[in-house]
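Chains, contacts and geometry: an overview
If you want the building blocks of each chain, they are given just below.
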Amino acid sequence: MSGSASSVFFGISTIAYVLAMVLYIGYLAFRKKTIGVVATTVTIAGFLSQTLAILLRWKEFYDIGQMGWLRAVPLTNLYESLIFFVWCLILAYLVIEFKYKNRTFGAFITPVAALVLAFIDISGMSKNIQPLVPALQSNWLLAHVMMSFISYSMFAVSFSTGLMYLIVKTEKRNEPAYIFWTVMLSIFIIVLCAMGLDYLTFKFSVKSQEELIKGYLFKATFRNSSSAISLLSWAVSAALTFVIWRFGGALRKIITGFNISAETLDEITYKSIAMGFPIFTLGGLIFGAIWADQAWGKYWTWDPKETWSLITWFFYAFYLHSRLMRGWRGKKVAMVAVLGFVAVIFTYLGVNLLLSGLHSYGSQ
Amino acid sequence: MEKEKNKSFIDRVWDLFASVKFAVVIFSVIALTSMVGTVVEQNVEPEKNLTVLAKLFGESAAPTLYSILDKLGFMNMYHSWWFVTFLLLFAMNLIVCSLDRLPRILKLVREPIRPLSEEHIEKMSIRRSVLFKGKPSALKDEVASAIRKIGFRPSESETEKGLQFYAEKGSFTRLGVYITHLSILIILAGAIIGLYFGFNAYLNLPEGQTSTVAYKDGGAEVPLGFGIRCDNFEVDYYGDSDMPKAYKSWLTVFKNGKEVMNKVISVNDPLTYEGITFYQSSFGTVPDSMDRGVVVLTVASKDGKSEQVNTRVGGAFTIPGTSETGKITNFSPALSFDQAGRPYTYDRNLLNPAIFVEFSSPAGKPFSGWILQRYPQTWNLPDGGRVEFRSFWGVQYTGLQVRKDPGVLIVYLGCIIMAIGLYITFFMSHRRLWVSLAEEKGTARILIGASANRNRASYEKDIEKLAGLLGEARKGGK
């Protein structure tokens, strides 16, 4: 199936998003309007191409499955769900860019999209259209999975703006919030780089495409068979974290140079969580429970996926309440928003890749 | 301090439960212990978790750590007394926090909006003003209708310099949070009812057999109050692959010896009778049962005469209208052919059942071959007849999840209320509006002040529209 029309358009959108990431970062660094316009154009082109690809895949799935349109949603395995997540994220970003007339966020959101797409390629996950296993043959599939991913992308937006808020708001290097964001950003960059290296070694040295991320993640760096490389990786990571911590103030100057106020960032963080939270509650938790009740005879089994969704829900419920609490507005809640998305990533990927349970469709 | 000391014990407990800090602690404890529970696999044999612990903390520490975690109840932690206690504390906290703040909010909801002085209106977060010539009273009706156009029903009062309209909408939306909190409590209540008045059990029911009980995890019998029979179990596959498309069980319910219900269940499509629901959960082969299996065939001659035949491996049948006979001499539950074309059995379960039939025809030459249930192209005989291998019946069992949960409807009700509560909380707001018309040295001024507790941006658009409408009204009034 890899030669199908949808995969060609997926390929185009992947290249476009990676290019957009470079352009948005370039725009942030050089502040040339032309670069910004090109970045937006490339993102829109990538988005249109991806939309077409998703629709084509839906059609291909429909032709193979013969179970009707509702049960041919291309949202049934890890690959398809990641693609849809990226699509939602880019859509949310484009809405923000046009609403707030500001491209700064692009440099923070397109890397998330690029990271996800890189992850798809290094993990060597199956891109084939797989027929639906009996458990997934339900009309709840569309509502449950789609709403979950829409909320995930909202949370990804809040993560980006929350991080930016912290960058703008912190000045002293010994401030906890400053240390928090520099470490978070470092981890993000380190994981991105390590996965990039995995990708390169994977492409050139590993023969078997079957090897899953479980066995391969960080093998080029931290988990390398040579302890020297492994130690070096840790040392480089520590050095990078130090550099980001030492010179993080520069990032604040860049962002504040773009006329983007901390209040706007706080507002976007809140708004995306205020949108994402009810969607997540309804689509992720409630629809999930109803479907589980119908398929497994239990609406709640404390399966790792369910438990982690609940933990994520707790994080964001806490975020929403803490905004109303004295002394929590501002930096503290922004940190909760950032941590909330870490929980989202674990709910979505960590559970499937590291833990076992009933919800194993995603790891296929 | 003196006052603090005089507080009764109940007041202190109340204050503790109403405090945000306490809520944060409970939130964190539930979240953190839940995380442990997702790493330590629940309700499995000790070996599994010993391996997990050994991977994380080393071989030497694993057994000690296991026994500590085991004693603390982490191996079945979501049902342990302490976890349930934390959930109940969470519920208590939710109730107390809500009740603590409810009177203030109810006052806000109930208290009707009052007219405000111009100074107050000018301090509102959203405000606009429109000037026009003439007396305020001349434009009164236009202003009132403009306010109605943006969805408010204004009240009116006289002021020193003219008059004022004031209106509010959605004051009840301030209760959205409490509706959401209430829904969590309803869901928890439903869960408790299910725990005490319901059960979870399983039933492995072989084809052709009837059961009046199901079994709990420990093996304890649960009487159903009726009989349930599995008439047939089948797996559908995608094309020629071994990828399952559907698991189906044909079930019949008996009450007092009478057949009362028939249903083909599949995953996502269970059967419910008298509050007990049967879910398609697994399947398997009854051990050592292959020789008891019934071969169900539809046999047809080349001129179309056909009949159903139930026989066994080793049995024989006649093609209708002829003297041609077939004898089943071999059977495979999962037949495949190796590269040299030799048949072999690749699984003990019924993945690809096949019979080997030897035909003897008094007229023609005898022939023989494999007939496979999943491959209709093997059903045609060289002489134009047909042997359709319908089923190999009586050796499989269907694995049913059996559940009774009288709390589930309450849980669903809670879910609906939660959805409504969240919608009100996040997508609606309490909007207030004051429009004052005042006369100032021959000109009249319309002053609009407005506030919303949420979603201010969309309210601002409405106010913009109102200002626009009043602008038009001004032109008309000239």
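What you see is a predicted model, and the numbers here were worked out from it, not measured in a lab. (Residues numbered from 1 in each chain as written. Chains lettered and ligands numbered in written order. Predicted model: local features only at pLDDT ≥ 70, side-chain atom pairs only at ≥ 80, totals over all residues. Heavy atoms only, no water.)

When helices and strands are counted, chain A shows 11 helices and zero strands. Reading the secondary structure of chain A in the N-to-C direction produces α-α-α-α-α-α-α-α-α-α-α. Sorting the 364 residues of chain A into buried and exposed places 58% on the buried side. Considering only residue pairs separated by 6 or more positions, chain A has 76% of its internal contacts joining residues 24 or more positions apart. (Helix = DSSP H or I, 4+ residues; strand = E, 2+ residues; numbered from the N terminus. Buried < 20%, exposed > 50% of the residue type's maximum accessible area, 1.4 Å probe, protein only. Contact = heavy atoms within 4.5 Å.)

Taken together, the contact pairs 44 residues of chain B with 41 residues of chain A. For the chain B and chain A pair, buried surface summed over both sides reaches about 3600 Å², with 72% attributable to carbon and sulfur atoms. By the criterion of area lost to chain A, the three top residues of chain B are B:Thr38, B:Asn268 and B:Phe426, representing 19% of everything that side buries. Across the chain B-chain A interface, the total number found is one salt bridge. Between B:Arg403 and A:Asp293 there is a salt bridge, with its nearest N and O atoms 2.3 Å apart. Across the side of chain B that touches chain A, the residue classes tally to 31 nonpolar, eight polar and five charged. (Buried area = accessible area lost by both parts, 1.4 Å probe. Salt bridge = Lys/Arg side-chain N within 4 Å of Asp/Glu carboxyl O. Nonpolar A, V, L, I, M, F, W, Y, C, P; charged D, E, K, R; others polar.)

Our next topic: the nonpolar core. By size, the foremost hydrophobic cluster in this structure holds 150 residues, and its most contacted members are A:Phe85, A:Phe105 and A:Trp313. Ranked by residue count, the leading element in this core is helix 9 (residues 262-296) of chain A, at 17 residues. Among the domains, domain 1 (2-107) and domain 3 (195-289 + 397-418) of chain B are the pair contributing at least three residues each to this core. Among all residues touching A:Phe85, those that are not within four sequence positions of it are A:Val112, A:Val116, A:Phe149, A:Tyr152, A:Ser153, A:Ala156, A:Phe341 and A:Tyr348. The next biggest cluster of nonpolar side chains, apart from the first, holds 27 residues, and it includes B:Phe165, B:Ala167, B:Ile463 and B:Leu466. (Core = buried A, V, L, I, M, F, W, Y, C linked by side-chain atoms within 4.5 Å. Domains from an automatic or database assignment.)

Relative orientation and spacing of two packed helices are given, respectively, by the angle between their axes and the distance between those axes. All names here are of chain A. Contact geometry for helix 3 (residues 78-100) and helix 9: axes closest at 13 Å, N-to-C directions at 140°. The angle between the axes of helix 3 and helix 9 places the two elements in the oblique class. Considering only the axes of helix 3 and helix 9, their crossing is right-handed. Packed against helix 3, whose contacting residues are Ile-96, Lys-99 and Tyr-100, the element helix 9 presents Thr-264, Glu-267, Ile-268 and Lys-271 at the interface. (Axes fitted to C-alpha atoms, helices over the stretch in contact; angles between N-to-C directions. Parallel < 35°, antiparallel > 145°, perpendicular 65-115°, else oblique. Left-handed = near helix turned anticlockwise from the far one by under 90°.)

A separate point is the sheet that holds strand 19 (residues 386-393) of chain B. Residues and elements named next belong to chain B. Read from one edge to the other, the open sheet built from three strands follows the order 12-11-19, with strand pairing classed as antiparallel. Two strands bound the open sheet, and with one partner strand each, they are strand 12 (306-311) and strand 19. With direction set aside, neighbouring strand axes in the sheet form an average angle of 20°. Pairing geometry for strand 11 (residues 294-300) and strand 19, over seven bridges, is antiparallel. (Pairing = 2+ DSSP bridges.)

Interfaces are frequently sized by the accessible area removed from exposure as the parts join. What the domain assignment lists for chain B is domain 1 (2-107), domain 2 (112-169 + 429-477), domain 3 (195-289 + 397-418) and domain 4 (292-394). Computed over C-alpha atoms, the centres of domain 1 of chain B and domain 3 of chain B are 35 Å apart.

Residue and element names in this part refer to chain B. On the surface, a nonpolar cluster with roughly 660 Å² of combined accessible area is contributed by Val-84, Leu-88, Ile-192, Leu-195, Tyr-196 and Phe-197. For the nonpolar patch, the elements supplying multiple residues, two or more each, are helix 6 (81-110) and helix 9 (176-197). Among the elements that line the nonpolar patch, the one with the most residues is helix 9, at four residues. In this fold, Tyr-196 is placed in helix 9. The exposure class assigned to Tyr-196 is exposed, which follows from its relative accessible area of 65%. (Patch = residues over 30% accessible without salt bridge, like charges linked within 9 Å, V, L, I, M, F, W, Y side chains within 5 Å. Areas by Shrake-Rupley, 256 points an atom, 1.4 Å probe, with all protein chains shown as cover.)

Right, let's talk about the pattern of salt bridges for a bit. All chains considered together, the criterion is met by 22 salt bridges over all chains. Here A:Glu175 and A:Lys331 are joined by a salt bridge, their closest N and O atoms 2.5 Å apart. Of this pair, A:Glu175 sits in the loop between helix 5 (140-169) and helix 6 (176-204) while A:Lys331 sits in helix 11 (residues 331-354), placing them 156 residues apart in sequence. Look at A:Glu175 and you get buried, because its relative accessible area is 17%. Take A:Lys331: its relative accessible area is 28%, and that puts it in the partly exposed class. Here B:Glu274 ties to B:Lys255 by a salt bridge, and the two come within 3.2 Å at their closest N and O atoms. Here B:Lys255 lies in strand 7 (residues 244-255) and B:Glu274 lies in the loop between strand 9 (271-273) and strand 10 (276-285), a separation of 19 residues in the sequence. Given the relative accessible area of 45%, B:Glu274 is considered partly exposed.

Before going further, it helps to spend a moment on the sheet that holds strand 2 (residues 155-158) of chain B. All names here are of chain B. Strand order in the open sheet made by the five strands is 1-22-21-3-2, with antiparallel pairing throughout. Pairing within the sheet leaves two strands with one partner each, and these edge strands are strand 1 (126-133) and strand 2. Averaged over all pairs of adjacent strands, the angle between their axes in this sheet comes to 15°, without regard to strand direction. Where strand 1 meets strand 22 (residues 443-452), eight bridges bridge the pair, whose relative direction is antiparallel. Bridge pairing links Lys-133 to Thr-443 in strand 22. Sitting on the sheet, helix 8 (residues 136-149) is in contact with strand 1, strand 2, strand 3 (162-169), strand 21 (431-440) and strand 22, with an inclination near 165° to strand 21.

Residue and element names in this part refer to chain A. Looking at the secondary structure, you find Thr-347 in helix 11. With a relative accessible area of 1%, Thr-347 lands in the buried category. Beyond its immediate chain neighbours, meaning those up to four positions away, Thr-347 contacts Tyr-152, Lys-305, Trp-308, Ser-309, Thr-312 and Asn-352.

Next up on the list: the environment of A:Tyr93. Residue and element names in this part refer to chain A. With respect to the helices, strands and loops of the structure, Tyr-93 is situated in helix 3. Take Tyr-93: its relative accessible area is 0%, and that puts it in the buried class. Spatially, the C-alpha atoms of Tyr-93 and Arg-103 are 9.3 Å apart, while their sequence positions differ by 10 residues. Other than its neighbours up to four places away in sequence, Tyr-93 contacts Tyr-24, Asn-102, Arg-103, Phe-105, Gly-106 and Ile-109.

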